[in-house]
There are 2 protein chains.
Amino acid sequence: MMRPMFSRCAPLRAAIPPVSRSLGVFQSVRQYSITPEAASDSKPQDIDPSKLVVEKTTTPGALKKPEDLIFGRNFTDHMLTIEWNKTSGWLAPHITPYQNLSLDPATCVFHYAFECFEGMKAYKDREGKIRLFRPDKNMERFNKSAARIALPTFAPTALIDLIATFAKLESRFIPEQRGYSLYLRPTMIGTQKTLGVGPPGSALLYVIASPVGPYYPTGFKAVSLEATDYAVRAWPGGVGDKKLGANYAPCIVPQREAMSRGFQQNLWLFGEEEYVTEVGTMNFFVAMRDKETGQKTLVTAPLDGTILEGVTRDSVLSLARERLAPEGWKIEERKYTMKEIDEAANEGRLIEAFGAGTAAIVSPVRSISWRGKLVHCGLQDHEESGEIAAKMKTWMEDRQYGDDEHEWSYVC
Amino acid sequence: MMRPMFSRCAPLRAAIPPVSRSLGVFQSVRQYSITPEAASDSKPQDIDPSKLVVEKTTTPGALKKPEDLIFGRNFTDHMLTIEWNKTSGWLAPHITPYQNLSLDPATCVFHYAFECFEGMKAYKDREGKIRLFRPDKNMERFNKSAARIALPTFAPTALIDLIATFAKLESRFIPEQRGYSLYLRPTMIGTQKTLGVGPPGSALLYVIASPVGPYYPTGFKAVSLEATDYAVRAWPGGVGDKKLGANYAPCIVPQREAMSRGFQQNLWLFGEEEYVTEVGTMNFFVAMRDKETGQKTLVTAPLDGTILEGVTRDSVLSLARERLAPEGWKIEERKYTMKEIDEAANEGRLIEAFGAGTAAIVSPVRSISWRGKLVHCGLQDHEESGEIAAKMKTWMEDRQYGDDEHEWSYVC
């Protein structure tokens, strides 16, 4: 019953914002507004890295001590911005000092959630070179997310090129120690200034960067999860497999509820069968022995539209097929239920479980609260990680930092 | 299996944005930034209308000719803003000249869709008084939407009071003719400037206003719908019953697809049973005769979490119970399927169908494209509306404009 959903945008006119005055209680700063749409005879342009304009800051910020870095709170000196409108296409890219966005209060991003993003990292290798990790996967997903909400798409290699330039420019912000990196946040927002519900006639793509330390500064710390049965994150035919802002705000209350009861994250179940989908904002893996055969199996949910298409998920699967399968492991993408995990735990067949995402790479799971009981996920009390999670983290970092030279690593 | 989902916010610190510089290609304007969070010893405050600060524009805009008004494209001279942070609660309300918002690019509204809104109207009655229509219903829903995404709630009467003051201030923008009104857009956005996914520690509530003309300037024009079976708008346990930005961007592609095949709107079906939920951004009503008894029945989908809790929907139901039931109509909120509509149409039992929402009040439906055929919804070729839709529009406007004095009408 699926028909193709993605076609080109219908036209909607963007208006020029009034120049306006600032008010007492509000802090008055200068910052940039979106360019009024220009008339154009030519066909809409794709992103063109050769047109990049760089304006460097004259007031470079001080570097924080690596141990004081907090995820997504401190940003680098600059930002990358590229405006789009339906007439001209993508305008010239700019790297500018990091600054506020100035937007009309009627802008569609504030009302209808025309917004999508990516999360990726730049790493500094032993030779001081800057490396991205599988940026092609992020660009592919970014385009899918944008298209699903009628925002414009672009040539993936063009944006990778620009992000690489931006990351190199901010090289001084990337600590050299293993575990440190520069978190990059490509974001696209609809900027049309009208309240009619329709495809945005203009958009802004921007990239900001936040230096980050290791997710587990003193080694793994296994988390406990609460299975969520009263709220549903995603469903077939919905948008839960896209990296849209729309998928995040509704997750906060269930996450806060889980935390209020002493759990670090919630685990999203789906349907009466209680299929396991994903954990908080990560994909989820379970290692267990088969009930009949004792076969060691690494299981994760399939890409059926109800889970995010994680780049780390894909990397874990790929590494598992390359390195665990030869050791006798079976690797499965299939639907599995909370009941199946519980049974495996009860019968001593549950080996370990972990979340997988860009921030932590892998996040070992100690237990899951489900139907009033605590399902133990295979770790001994003194253990903070299982063997597979620990191996995966090392294997991934080896490729991210270029110690294991591999096509996944993109040298800027 | 439902547990309470709404508790108070967990703390997250907001940072002060750097004052920054503007760039060549971007238009430089002055506008306001969010107030840095102030330290406070007292308990968080609710919205306090007595603290309102009004700064009137010194450059009032020209009025457009009523017939040139386009929904949500032209705005009045001012806007109402109220900032919130977790320490102080709601700060003093301000009415200021309409102006851009200045926000850090890391602000959570751009990344995680921390945003919800309302749609309501102010009307000018025969005596020149300004009236709102059931503002208590909008405030109730606004609070429910905000709570569901961990944004702050407020005392409904306080915001109604402020909106009334704002609407009176903009009185000159409201044309006096019947059918004209001032569309009001209360909006709440999360303004925390960090990328960690958590409850926003600060927010901005603002109201902008757009003078609008009648949805059907030359009388009703019945629309044709395309039933959407390849995408799903909402799900039980999801957030489809809240007025969140998150529910809107994902609707554009199916709407555009329907338009590309010549239909004005899409009709959202749900599940294998193809339950009828809502049309585009309106609720949906069907008037038909019962298969067995011939009983005239007005049917709409129930509030089961998969449809928006429309104020117009509620008003239509209420008026139907008050005025149609005594004429022998049965009024039903229940699940019904596309197959049921098709059968009624085939058997000559389908009387009429219409959408219901703030913009159009009611929007008569001529036909629905479903499974490759066109289901005719009871109108003759020369008719643009059925009797019920026409009556509803008149009854509603009588109350909105104060001709039928009623508690639904709130005199500012």
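Position numbers for residues start from 1 in each chain and track the written sequence from start to end. The order in which chains are written sets their letters, starting at A; the order in which ligands are written sets their numbers, starting at 1. For a predicted model such as this one, the threshold for reporting local features is a pLDDT of at least 70, and the threshold for listing and counting side-chain atom pairs is 80 or more; totals across whole chains, interfaces and linings nevertheless cover every residue. In computing side-chain values, all of the structure's heavy atoms are included and hydrogens and water are not.

In the nomenclature of an unreviewed UniProt entry, chain A corresponds to Branched-chain-amino-acid aminotransferase from the organism Echria macrotheca. UniProt positions are given in the numbering used here, feature names are shortened, and annotations may be inferred rather than shown by experiment. Looking at chain A in UniProt, the text filed under Sequence similarities (unreviewed entry) is "Belongs to the class-IV pyridoxal-phosphate-dependent aminotransferase family." Quoted verbatim from the Cofactor (unreviewed entry) heading of the UniProt record, the comment on chain A is "pyridoxal 5'-phosphate".

To continue, consider the overall build of chain A. Each helix and strand in chain A was counted, giving 7 helices and 21 strands. The burial tally for chain A puts 61% of its 412 residues in the buried class. Note on areas: Shrake-Rupley with a 1.4 Å probe; residue coverage comes only from the protein chains shown. Here chain A has roughly 15300 Å² of accessible surface; of this, 51% comes from carbon and sulfur atoms. Helix numbering and strand numbering both begin at the N terminus, where a helix is a DSSP run of H or I of at least 4 residues and a strand a DSSP run of E of at least 2. Exposure classes here rest on a 1.4 Å probe applied to the protein chains alone. A residue is buried below 20% of its type maximum, exposed above 50%, and partly exposed in between.

Attention now goes to the packing of aromatic side chains. Aromatic ring pairs: the centre-centre distance and the angle between the two ring planes describe each pair. All names here are of chain A. Two rings belonging to Phe, Tyr or Trp (six-membered ring only in the last case) form a pair when the distance between their centres is within 6.5 Å. Interplanar angles under 30 degrees mark stacking, angles over 60 mark edge-to-face geometry, and anything in between is tilted. Tallied over the entire structure, the rule returns 28 aromatic pairs over all chains. Where tryptophan 90 meets phenylalanine 154, the ring centres are 6.4 Å apart and the plane angle is 85°; that geometry is what we call edge-to-face. Here the residue tryptophan 90 occupies a position in strand E4 (residues 89–90), and phenylalanine 154 occupies one in the loop between helix H2 (135–148) and helix H3 (156–169), the gap between them amounting to 64 residues. Grouping residues by exposure puts tryptophan 90 and phenylalanine 154 together as buried.

This next bit is on the pairing of strand E3 (residues 78–85) of chain A. Working note: regular strand, side chains alternate between the two faces of the sheet. Residues and elements named next belong to chain A. Of all 8 residues that make up E3, 8 are buried, and the element is covered over most of its length. Two strands qualify as a pair provided that DSSP identifies no fewer than 2 bridges between them. When E3 meets strand E5 (residues 94–97), the two strands line up antiparallel, connected through 4 bridges. Residue pairing across strands places leucine 80 opposite isoleucine 95, the latter belonging to E5. Pairing geometry for E3 and strand E11 (residues 202–212), over 6 bridges, is antiparallel. Among the inter-strand pairings, isoleucine 82 is bridged to a residue of E11, identified as leucine 205. Examined bridge by bridge, E3 and E4 share 2 bridges and lie antiparallel to one another. The residue of E4 that forms the bridge with tryptophan 84 is tryptophan 90.

Here we come to the pattern of salt bridges. Pairing is possible between side chains that carry opposite charge, provided their charged atoms lie close to one another. Residues and elements named next belong to chain B. Criterion for a salt bridge: a side-chain nitrogen of Lys or Arg within 4 Å of a carboxyl oxygen of Asp or Glu. In the structure shown here, the tally under the stated rule is 75 salt bridges over all chains. Note that arginine 126 and aspartate 403 form a salt bridge whose closest N and O atoms lie 2.9 Å from each other. Remark: aspartate 403 occurs in the loop between helix H7 (387–400) and strand E21 (409–411) and arginine 126 occurs in the loop between strand E8 (120–124) and strand E9 (130–133); sequence separation between them is 277 residues. Looking at arginine 126, the relative accessible area reads 74%, which means it is exposed. You can call aspartate 403 partly exposed: its relative accessible area is 33%. Salt-bridge contacts for glutamate 333 lead to arginine 321; the nearest nitrogen and oxygen are separated by 2.9 Å. On the criterion of sequence distance, the pair formed by glutamate 333 in strand E17 (residues 330–333) and arginine 321 in helix H5 (residues 311–324) is long-range, its members being 12 residues apart. Taking the relative accessible area as the measure of exposure, glutamate 333 reaches 33% and is therefore partly exposed.

With that settled, consider the UniProt feature "modified residue: N6-(pyridoxal phosphate)lysine" (unreviewed entry) in chain A. Residues and elements named next belong to chain A. The UniProt record marks Lys243 with the feature "modified residue: N6-(pyridoxal phosphate)lysine" (unreviewed entry), using the residue numbering of this structure. Among the secondary structure elements, lysine 243 is positioned in the loop between strand E12 (223–228) and helix H4 (252–260). For lysine 243, a relative accessible area of 10% puts it in the buried group. Any pair of residues with heavy atoms lying within 4.5 Å of one another is described as a contacting pair. Contact partners of lysine 243, with chain neighbours within four places excluded, come to Cys116, Phe117, Glu118, Gly119, Arg141, Ser145, Tyr248 and Leu308.

Moving on, we come to the domain arrangement of chain A. All names here are of chain A. The start and end points of each domain follow an automatic or database-based domain assignment. Looking at the assigned domains, one finds that chain A contains domain 1 (32–212) and domain 2 (223–407). Centre-to-centre, using C-alpha coordinates, domain 1 lies 29 Å away from domain 2. At the junction of the two partners, domain 1 supplies 27 residues and domain 2 supplies 24 residues. By definition, the buried area sums, over both parts, the 1.4 Å-probe accessible area that each loses when the two are put together. Together, the buried faces of domain 1 and domain 2 total about 2400 Å²; carbon and sulfur atoms form 54% of this surface.

All names here are of chain B. Tracing the backbone shows glutamine 99 in the loop between strand E5 (94–97) and strand E6 (101–103). In protein, a polar contact requires one atom able to donate a hydrogen and another able to accept it; more generally it is a pair of N or O atoms within 3.5 Å, and residues adjacent in sequence count only if both atoms are side-chain atoms. Only 3.4 Å separates the side chain of glutamine 99 from the side chain of threonine 96, close enough to count as a polar contact. There is a polar contact of 2.9 Å between the side chain of glutamine 99 and the backbone oxygen of proline 97.

Residue and element names in this part refer to chain A. Buried within helix H6 (residues 338–346) we find Met338, Ile341, Asp342 and Ala344. Seen along its axis, H6 keeps its buried residues to an arc of 165°; they face one direction. Tucked inside the fold, the buried residues of H6 contact strand E13 (265–270), strand E14 (275–279), strand E15 (282–289), strand E18 (350–357), strand E19 (361–370) and strand E20 (373–376). Backbone geometry just downstream of H6 places glycine 348 in the positive-phi region, at approximately 70°. Here the arc refers to the directions that run from the helix axis out to each C-beta atom.

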